[in-house]
Amino acid sequence: MALTDQTPAWLTPECEADADAALAILTDSALEPIVDMVLLARNGAYEARSAEGSVQFRRDGNGGYEVLDTEGTSPIADQSTDRFVPLEEEVAHKNPRRRDNAYPHAFDHTAQLFDHPAAPDLCVLHSADHNWEDQGGHRGEHGSLGIIQARAPLVLAGKGVRNDGLVPRSARLVDIAPTVLELLGIDRDTDGNHLNGQDGVVLSDSLDLSAGSAKHVVVLLFDGTNSNVLYDMAARGEAPNVARLMGMGTAYQHGAMAGMPTVTLANHTSVVTGRLPGHHGILHNAWFDRRTGQQVITNSNATWPTAMESCVSGVDSIHDAVHRAEPGAFTAAVNEPCDLGADYSTFHFFRRGDVPPIPKSPEGLPHTTDRFVRPSKDYSWSSVVDHMGADQAVGIWGGSYRDESYAQLPRFMFCNFTLTDSAMHEGGPHSEVAAAAVRDSDGRMGEILTAVEKAGVFDDTAFVLIADHGMEESDPSVNGDWDVALREAGLTFRDEGYGFLYLGEQPG
Ligand SMILES: [Zn+2]
C-alpha cells in the first residue's frame, strides 16, 4: 500500500477500556523506576503519559505540532538536542531521570510511529537506567526516545564536505539519504526531494559542492555506537581512522537522532530510505500485525535476508535513486539487511543459498582483540562477521571478491559493522570491551579507506560515518518487567519487541 493510503493506527473503541486500565498501572509510581512513559494515539491526537504528568498534541497541518492539553509535567517537555555532551557530561549525569532527560523530536518521532497500520495500542518506553534482566541483562541499552539512546554519531568527510571539524550541531538519521544523494550530484525532483516520501533533509550546512560533487560515497555504520565515546576515543588517538575522517570533514557533536523505536533494523532502513520507521514499514525488530494475525520478526539471523519484504510499497532507497539517475551505475550493500535496490548485496548470497565460507573463529584475523574474543561468544561472532564485511568491501574496491570481478567502482557503498553493538550491549558504552570494539572497527574501516586509496579515487570520494542508534549504560539493580503487573491485573495482551502492547490479543 502506498504511504498516503495508510490510516493512522488510532486506538479502537474496543481497546479503550483496556488501554485506560493498562495506563493506570503503567503510570503508577510503583512502576516508575522502569517505565519512563507511554505513547499512544487516540481521537485524532497523540499522547505521552507518565507518573508525573501527560501531554496531548496533534499535527498542525503545516508540518508542525500543536499542544492540546498538558496535565502535571509533560514527559516530553524538553526536546533539546544538545544535552549530555561531551563524554564527561554524559558520565556525570548517568541514568537521568525523566525531568532531567531530553527527548529530541519527540512530537514527530511519536506521531510517525502511529502512521504505520500495525502500530501498537500502547508503546511503553523504559527508563534510562532500566536493565532488561530477562533479556540478557545488557549493561548497555537503547530503544527509547531519551537522548542517549537516540543519539548516533555523525561524521561527514571528503569530497564535497566542508572541513569544519567538530561542530555543536545535530541532525536526524533520515537526513543521511538525501545528503548522500546531494553529495553524489543526483538531481532532486520538482518538490525538492531526492527520494519518494523522504522525511529527511539535505545537511547543506556541511556541504560545499563548489568544486564538484563526489564520484563515490561510502557510508560506514558502526551499529549501536555511543557518539560521545567515539569522539572521545578519536580525540585520544585510540581510533585513528575515525580521527582521520573527523580531521578532514565535519563531525556533529550533538549527533544524529534515530527515529522511534531507536532499534537496529528500523533505523538502518531509515538511513537507507530517508524515511522514519512508521513510514518505510520496518516498524521495529518485531511487531504484531492484526490484519494478518501474524507476528512479524525482521531483525534476526533467520529473517534478515527477507526482512525488506515488510517495507511498504513505494519505498525508495539511495540505491534506487542512484540507478534512476544513472541506470548503469554500480552500488553495493555490504553486510546490510536494508539492501533495497543494491547491485551487490551480502544478503544476495543468503537468498541464493551460496554463502561464502565463514571462518569458525576470529583468532588470527586482523583487528580482533583476543582478550574479548575468547570469553565472549558475541564478540567472537561479530568479529568474524565484520571481518568478512571488510573483506568484501576491500575486494570490491580492488575489482574482485571471491570468483566475481567488479569492473566498475561503486558509486555508492554501504558497509555495516556489528561488533560495536554487541560489545556496547555487553559491557555498556563506557566499558573496556566497548573501547576494544571501537578500536577493532576503526582498524577494519582503515582497511576500506586504504582500498579506496589504492583504487586511486580517495580525493573524489565522500565518507559518512554513523550508527543506527545510541547506547546508554543501564543499572543492573533497576530491573523488572511491566508485563507482570499488567497480567496480574487480568489484562490480555501481546508485548512485542519489548514495549509494543497489542491489547486483547492472546500472547504468542
Ligand atoms: Zn543497532
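Numbering of residues starts from 1 in each chain and follows the order in which that chain's sequence is written. Where local features are concerned, this predicted model is filtered to residues with pLDDT of at least 70; where side-chain atom pairs are given and counted, the filter is 80 or more; whole-chain, interface and lining totals use all residues. Each side-chain value is worked out from all heavy atoms of the structure, with water and hydrogens disregarded.

Trainee: Quick rundown of the side chain of E182? Include the residues and the values.
Mentor: Helix numbering and strand numbering both begin at the N terminus, where a helix is a DSSP run of H or I of at least 4 residues and a strand a DSSP run of E of at least 2. Considering the arrangement of structural elements, one finds E182 in helix α5 (residues 176–183). By the convention used here, residues are in contact when the closest approach between their heavy atoms is within 4.5 Å. Apart from residues lying up to four places away in sequence, E182 is in contact with R188, H194, V202, L207 and L209.

Trainee: I'd like to hear about the sheet that holds strand β24 (residues 500–503), residue by residue, with values.
Mentor: One requirement defines pairing of two strands: DSSP has to find at least two bridges between them. Across the sheet, seven strands lie side by side as β4-β3-β2-β1-β5-β24-β23; this open sheet has antiparallel pairing. With partners counted over all chains shown, the strands left at the sheet margins are β4 (65–72) and β23 (493–496), one partner each. Within the sheet, the average angular offset between the axes of one strand and its neighbour, ignoring direction, is 20 degrees. Sheet analysis places strand β5 (residues 122–126) next to β24, joined by two bridges and oriented antiparallel. Bridging from a neighbouring strand, C123 pairs with F500 of β24. Most of the contacts of helix α1 (residues 13–26) go to strand β1 (residues 35–42), to which it runs at about 160 degrees, and overall it touches β1, β2 (45–50), β5 and β24. Between N-to-C directions, angles cover 0 to 180 degrees, with each direction set by a line fitted to C-alpha atoms, over the stretch in contact for helices.

Trainee: Run through the domain arrangement of the protein chain, naming residues and quoting values.
Mentor: These domain limits were set by an automatic method or by a database of domain assignments. Per the domain assignment, the segments making up the protein chain are domain 1 (3–148 + 474–503) and domain 2 (153–356 + 404–418 + 464–473). A straight line from the C-alpha centre of domain 1 to that of domain 2 covers 26 Å. Here domain 1 packs against domain 2, burying approximately 3,700 Å² in sum over the two surfaces, 56% of which is carbon and sulfur. By salt bridge we mean one thing: a side-chain nitrogen of Lys or Arg within 4 Å of a carboxyl oxygen of Asp or Glu. Scanning the region where domain 1 abuts domain 2 turns up four salt bridges. In this structure, E473 and R139 form a salt bridge, with 3.4 Å as the shortest nitrogen-oxygen distance. Pairs of N or O atoms are called polar contacts if they sit within 3.5 Å, as long as, within protein, a hydrogen donor faces a hydrogen acceptor (for residues adjacent in sequence, only side-chain-to-side-chain pairs). In this assembly, domain 1 and domain 2 are joined by 25 residue pairs in polar contact (both at pLDDT 80 or more). Those elements that provide at least two residues to the side of domain 1 that touches domain 2 are α2 (87–92), α3 (106–111), β5, β6 (140–141), α4 (147–150), β23 and β24. Classification convention: Asp, Glu, Lys, Arg as charged; Ala, Val, Leu, Ile, Met, Phe, Trp, Tyr, Cys, Pro as nonpolar; all other residues, Gly among them, as polar. Residues belonging to the side of domain 1 that touches domain 2 are distributed by class as follows: 21 nonpolar, 13 polar and 13 charged. Simply put, the buried area is the total loss of 1.4 Å probe accessible area from both parts when two parts are fitted together.

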